[in-house]
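Secondary and tertiary structure notes
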Amino acid sequence: MTIIVKVKLFAAARELTGAAEVELELPDRATIADAKHTLSTLFPQIAGLLSRSAIARNQDYAVDTDIITPTDELAVIPPVSGG
């Protein structure tokens with residue numbers, strides 16, 4: 001069984017992929033780490049960025065071991081720089 005999860009992309013992740021939001025097909029009981037791996041496979045241009053980015057699940061920061069459910073919404077929040 002698989003699930004479809006919406007992933008919002010912000011800042012550099014949005015710029016590098018050209019998309020504000022993507023849908024991922026993941027196996028049932030996939031983790032945040034699984035989602036990051038799938039994103040890296042689909043969008044190799046953000047693979048390095050993902051390792052430095054925060055991932056939010058339903059507007060709360062998530063850790064790699066968190067399980068994703070079909071109703072979850074993920075967001076990739078890259079680090080920001082500025083002066």
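Up top is the structure these notes are about.
The following refers to the structure shown. Note that the structure is predicted; figures quoted are calculated from it, not measured. (Residues numbered from 1 in each chain as written. Predicted model: local features only at pLDDT ≥ 70, side-chain atom pairs only at ≥ 80, totals over all residues. Heavy atoms only, no water.)

1. A look at the overall build of the chain
Threshold: In this text, helices come from DSSP runs of H or I with a minimum length of four residues, and strands from runs of E with a minimum of two, each type numbered from the N-terminal end. Note that the radius of gyration is over C-alpha atoms, with the globule rule given as 2.2 Å times the number of residues to the power 0.38. Classification of residues uses two cut-offs on accessible area relative to the type maximum, computed with a 1.4 Å probe and protein chains only: under 20% is buried, over 50% is exposed, and between them is partly exposed. Between two residues, a contact is recorded if the distance between any of their heavy atoms is within 4.5 Å.
Within the chain one finds 3 helices and 5 strands. Scanning the chain from its N terminus toward the C terminus, one meets helices and strands in the order β-α-β-α-α-β-β-β. For 83 residues, the compact-globule estimate of 2.2 N^0.38 gives 12 Å, and the chain sits close to it at 12 Å. Viewed in the frame of its principal axes, the chain has a C-alpha envelope of about 45 × 25 × 20 Å. Out of the 83 residues belonging to the chain, those deemed buried represent 36%. Within the chain, contacts between residues at least 6 apart in sequence are counted, and of these 53% link residues at least 24 apart.

2. Digging into the sheet that holds strand E4 (residues 60–61)
Stated formally: Strand pairing is assigned whenever DSSP identifies at least 2 bridges connecting the two strands. Every angle, taken between N-to-C directions, lies between 0 and 180 degrees, and every axis is a line fitted to C-alpha atoms, over only the stretch in contact when it is a helix.
Within the open sheet, the 5 strands sit side by side as E2-E1-E5-E3-E4. Their pairing is mixed. Either end of the sheet is taken by a strand with one partner, and the two such strands are strand E2 (21–27) and E4. In terms of strand pairing, strand E1 (residues 2–9) meets strand E5 (residues 73–77) through 4 bridges, oriented parallel. The partner of Lys 6 across the bridge, within E5, is Glu 73. Each of E1, E2, strand E3 (54–57) and E5 is contacted by helix H2 (residues 32–42), which is oriented at about 120 degrees to E2, the strand it contacts most.

3. Brief notes about the side chain of Thr 17
Applicable threshold: Whenever two N or O atoms come within 3.5 Å, that pair is a polar contact, provided that in protein one can donate a hydrogen and the other can accept it, and provided that, for residues adjacent in sequence, both atoms are side-chain atoms.
Within the fold, Thr 17 resides in helix H1 (residues 11–17). The buried category is assigned to Thr 17, whose relative accessible area is 15%. Of the polar contacts made by the side chain of Thr 17, one reaches the backbone oxygen of Arg 14; its length is 3.4 Å. In terms of polar contacts, Thr 17 uses its side chain to reach the backbone amide nitrogen of Ala 19, at 3.2 Å. Those residues in contact with Thr 17 that sit more than four places away from it in its chain are Leu 9, Phe 43, Gln 45 and Ile 46.

Worth remembering: the numbers are spatial, not functional.
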